[in-house]
Protein chains: 2
Amino acid sequence: MAKSRVLVVGTGGIGTMSAYALEQGGLAEVTAVMRSNYDAAVNNGIDIDSVLWGQIKGWRPTAITKTVPDASQGEVAPFDYILVTTKNIPDVPPTVSDLIAPAVTPGKTAIVLSQNGINIEKPLITRFPKNPLISSVAYTGATETAHAKIYNDDPDCQKIGAFTNPQVPADIAAKAAKHYVHIYNPTGTLEVTYDADVAAVRWRKIAYNASFNPISSILRMDTPRMRMTEHVITDLILPIIAEIREIAYAAAGVTLPEDVVKKVLHQDPNDTAFKPSMCQDLEKGNLMEIENLVGEPLREGERVGVSAPTLRIVYGIMKALQVKVREDKGLWEARFQPDNPYE
Amino acid sequence: MAKSRVLVVGTGGIGTMSAYALEQGGLAEVTAVMRSNYDAAVNNGIDIDSVLWGQIKGWRPTAITKTVPDASQGEVAPFDYILVTTKNIPDVPPTVSDLIAPAVTPGKTAIVLSQNGINIEKPLITRFPKNPLISSVAYTGATETAHAKIYNDDPDCQKIGAFTNPQVPADIAAKAAKHYVHIYNPTGTLEVTYDADVAAVRWRKIAYNASFNPISSILRMDTPRMRMTEHVITDLILPIIAEIREIAYAAAGVTLPEDVVKKVLHQDPNDTAFKPSMCQDLEKGNLMEIENLVGEPLREGERVGVSAPTLRIVYGIMKALQVKVREDKGLWEARFQPDNPYE
């Protein structure tokens, strides 16, 4: 059986770890789209320092490209899978759909979204109505410490299942998801598993991502200090988790069990000043994944009549912090004027 | 008639402007407590660059002291008034009461609190039950640009009236307040006026101070940009103003008229990147006046059953930002530990 052709878009920590695992499994050949790290990878290969794979030096996937290849004109063979691990920031172009469109063969390519958040599949359903859409929720700690240098300090843990794409039969989508798990983890030694209940998996992760991520960003505070400052937990984190549980149930029929609260509070180490990714992004001046982690859960709540005051106010604050990031990047311009628009 | 003896505690912008005005009026002699700016004032006098008074060079009040004088042992003559213009931060010692206590002659000294916030008189009622307590709400733009150098770009505008102190007859308290206005503004040329409705004056200012101050601090954003980022106004500022209006009415019987909203939105200039004082404090690493501007209005709401979700969440955030300021000042210590207290 021919190897599956996988295009990996987004070769930061998790994208590179996935590319490596897929090729190690022997059932996939990976084309990696590399942008800022292209030269480093082509010239010297990729270095991976991993709790899982050990010290890898100078590794290269089957192919490296600088841009998303165009599979529509026969320049490259069609891809069986596109794995997307970029940050998902729909408020700033390009969208994920625009980014990957050239490489998507309609009716064939299965698109794996290894990204956080709720409703991230919605724009892809519209754009790629005949393609299986696959959800991967990763709890893998991996970061790019320099161009093409990856530090991976957690086991690779992913839960994978099919999103609903109405024009794709459910069994076809599930088969594509299961096959992806198979080529990723053929020997079953990784914690990369099939989980059909995509909604439950995603809402479970939102309980953390909609609480600790924005609150740590607003406070620019690590999570141990948030716990030491106890009122941050009681006044801000716990109310958001409660709101997410209510929304998950009302909007998606997902019951997040009581112990989710304790698990979310525990998720991070207590002995080092760990800051969640959104806070790291803000402090680095990077755009933040606000819409899919905070905005969409809030809108799901509004859709089904669940008031979520904490989430709503936190979302308002985060949107304004994003404006500042956009301004620093030249994507938003302040226009001072003598007259007050509210006059 | 002998001049009134006034002790001014807090000689930043407004304190110094007040000290100068009081001595200019010819009816008061001022003792100014100067701390960081003591040497500069003693050696070179105080420079004031004022829209109101012009260029003043090397001015000195009647007396300058480094600490609050002790009036209890006859070291100094009793004070008729103590004007307090320090920041009011009850969460970090010393309290205002502790600070001024040595200079307060029971039953004689009237204490003028030229500070923002709600319920700031409460601790003083307990501590100084026989002294008139006077409220000054100032809209005077004055800042200390260097030690003993004041820049004043707004007319001196203050509304002055008596707080209720149960053991002090209301007419005595009112008389003390009116006399203070008289010695401050004997010719009536300043916008420093008597207003008996202290609660209305204070809640009116809270509408700004509980909204723009904390939100600008959380966002580290100037007020024109907050208005440009329209959702900041609609999602954060307007809800807080609405909550304050509701609390003011329910807790203090104060009706803040509809046009307060427009006036608060207008209060700051639109053509320069002005940041409210709390935001300036945060960015300078100074402690912020959170309790009297945000915490007390919220607690007043809770007392009378007004839910104020925006104010509540914003208060939670501000308290945590204050923890960071306290940590930077060595007033709070992070204690990392292996075990999670929520386990």
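Since this is a predicted model, take the numbers as computed values, not measurements.

### Points about the overall build of chain A
Here is step 1: Secondary structure assignment for chain A yields 13 helices and 12 strands.
Here is step 2: Taken over C-alpha atoms, the radius of gyration comes to 20 Å for chain A, in line with the 20 Å a tight globule of 343 residues would show.
Here is step 3: By its C-alpha atoms, chain A is 65 × 45 × 45 Å across when sized along the principal axes.
Here is step 4: By residue count, 57% of the 343 residues in chain A fall in the buried class.
Here is step 5: For chain A, restricting intrachain contacts to residue pairs at least 6 apart in sequence, the fraction spanning at least 24 positions comes to 71%.
Here is step 6: Within the structure as shown, chain A displays about 14,000 Å² of accessible surface, and the carbon and sulfur contribution to it stands at 51%.
Here is step 7: One way to put it: in chain A the 34 positive side-chain charges average out to a point 3 Å from where the 40 negative ones average out.

### Points about the pattern of salt bridges
Here is step 1: Under the defined criterion, the tally for this structure stands at 30 salt bridges over all chains.
Here is step 2: Its salt-bridge partner being A:K149, residue A:D47 comes within 2.8 Å of it at the nearest N-O pair. With a gap of 102 residues between them, A:D47 in strand β3 (residues 46–50) and A:K149 in strand β10 (residues 149–152) connect regions that are remote in the sequence.
Here is step 3: B:R127 is the partner of B:D98 in a salt bridge, and the nearest nitrogen-oxygen pair spans 2.8 Å. Residue B:D98 is located in helix α3 (residues 96–100), and its partner B:R127 is located in helix α4 (residues 122–127); the two are separated by 29 residues in the primary sequence.
Here is step 4: Connected through shared salt-bridge partners, A:D222, A:R225 and B:E327 make up one network.

### Overview of the relation of the copies chain A and chain B
Here is step 1: Overlay of chain A on chain B (RMSD 0.0 Å): rotation 180 degrees, translation along the axis 0.0 Å. Put plainly, the chains are arranged around a two-fold axis.
Here is step 2: Most of the interface of chain A is mirrored in chain B, where 100% of its interface residues are also at the interface.

### A closer look at the UniProt feature "domain: Ketopantoate reductase N-terminal" (unreviewed entry) in chain A
Here is step 1: Those places that UniProt annotates as "domain: Ketopantoate reductase N-terminal" (unreviewed entry) correspond, in this numbering, to residues 6–163 of chain A.
Here is step 2: The span residues 6–163 of chain A is 19% helix and 34% strand, and its two end C-alpha atoms sit 19 Å from each other.

### As for the pairing of strand β7 (residues 110–113) of chain B
When a strand is regular, its side chains alternate between the sheet's two faces.
Residue and element names in this part refer to chain B.
Here is step 1: Of the two faces of β7, both are covered, the one formed by A110 and V112 as well as the one formed by I111 and L113.
Here is step 2: Strand direction decides the pairing type here: strand β6 (residues 81–84) and β7, joined by four bridges, are parallel. Of the residues in β7, the one forming a bridge with I82 is I111.
Here is step 3: Where β7 meets strand β8 (residues 133–138), three bridges bridge the pair, whose relative direction is parallel. Bridge pairing in β8 links L113 to S135.
Here is step 4: Since β7 and β8 lie parallel, the crossover through α4 that links them has a hand, and here it is right-handed.

### Observations regarding the domain arrangement of chain A
All names here are of chain A.
Here is step 1: We note that the domain assignment places domain 1 (4–196) and domain 2 (201–328) within chain A.
Here is step 2: A straight line from the C-alpha centre of domain 1 to that of domain 2 covers 25 Å.
Here is step 3: Across the boundary between the two partners, domain 1 contributes 21 residues, which contact 21 residues of domain 2.
Here is step 4: Summed over both partners, the interface of domain 1 with domain 2 buries about 1,800 Å², with 53% contributed by carbon and sulfur atoms.
Here is step 5: Here domain 1 is connected to domain 2 by one salt bridge.

### Focus: the sheet that holds strand β11 (residues 157–162) of chain B
Residues and elements named next belong to chain B.
Here is step 1: An order of β5-β2-β1-β6-β7-β8-β11-β12 is seen for the eight strands of this open sheet, with the pairing classed as mixed. Sheet topology places β5 (63–65) and β12 (191–194) at the edges, where each strand pairs with a single neighbour. Ignoring strand direction, the axes of neighbouring strands in this sheet form an average angle of 20 degrees.
Here is step 2: Where β11 meets β12, four bridges bridge the pair, whose relative direction is parallel. Each residue of the ladder has a partner; that of C157, found in β12, is E191.

### So, the interface of chain A and chain B
Here is step 1: Contact residues are listed per partner, giving 45 residues for chain A and 45 residues for chain B.
Here is step 2: Inspection of the region where chain A meets chain B yields four salt bridges.
Here is step 3: With a shortest N-O distance of 2.7 Å, B:E327 and A:R225 are connected by a salt bridge.
Here is step 4: Counting the contacts that link chain A with chain B gives eight residue pairs in polar contact (both at pLDDT 80 or more).
Here is step 5: With 11 residues, helix α13 (residues 309–328) of chain A is the single largest residue contributor to the side of chain A that touches chain B.
Here is step 6: Within the side of chain A that touches chain B, the residues separate by chemical class into 22 nonpolar, nine polar and 14 charged.

### What to know about the side chain of A:S50
Here is step 1: Its place among the elements puts A:S50 in strand β3.
Here is step 2: With relative accessibility at 6%, the residue A:S50 sits in the buried group.

### Here's the deal with the environment of B:K262
Here is step 1: Mapped onto the elements, B:K262 comes out in helix α10 (residues 259–266).
Here is step 2: C-alpha of B:K262 to C-alpha of B:L238: the two residues are 24 residues apart in sequence and 9.8 Å apart in space.

### Describing the sheet that holds β10(A)
Residue and element names in this part refer to chain A.
Here is step 1: Read from one edge of the open sheet, four strands run β4-β3-β10-β9, paired in mixed fashion. Two strands bound the open sheet, and with one partner strand each, they are β4 (54–59) and β9 (142–146). Across the sheet, the mean angle from the axis of one strand to that of its neighbour is 20 degrees, orientation sign disregarded.
Here is step 2: Note that β9 and β10 share four bridges and pair antiparallel. Across the sheet, A146 pairs through a bridge with K149, a residue of β10.

Analysis parameters
- Residues numbered from 1 in each chain as written.
- Chains lettered and ligands numbered in written order.
- Predicted model: local features only at pLDDT ≥ 70, side-chain atom pairs only at ≥ 80, totals over all residues.
- Heavy atoms only, no water.
- Helix = DSSP H or I, 4+ residues; strand = E, 2+ residues; numbered from the N terminus.
- Rg over C-alpha atoms; globule rule 2.2 N^0.38 Å.
- Buried < 20%, exposed > 50% of the residue type's maximum accessible area, 1.4 Å probe, protein only.
- Contact = heavy atoms within 4.5 Å.
- Areas by Shrake-Rupley, 256 points an atom, 1.4 Å probe, with all protein chains shown as cover.
- Lys, Arg positive; Asp, Glu negative; His and termini not counted.
- Charge placed at Lys NZ, Arg CZ, Asp CG, Glu CD.
- Salt bridge = Lys/Arg side-chain N within 4 Å of Asp/Glu carboxyl O.
- Least-squares fit on C-alpha atoms with pLDDT ≥ 70 in both.
- UniProt positions renumbered as here; feature names shortened; annotations may be inferred.
- Pairing = 2+ DSSP bridges.
- Right-handed = clockwise from strand over helix to strand, strands pointing away.
- Domains from an automatic or database assignment.
- Buried area = accessible area lost by both parts, 1.4 Å probe.
- Axes fitted to C-alpha atoms, helices over the stretch in contact; angles between N-to-C directions.
- Polar contact = N/O pair within 3.5 Å; in protein donor to acceptor, adjacent residues only side chain to side chain.
- Nonpolar A, V, L, I, M, F, W, Y, C, P; charged D, E, K, R; others polar.

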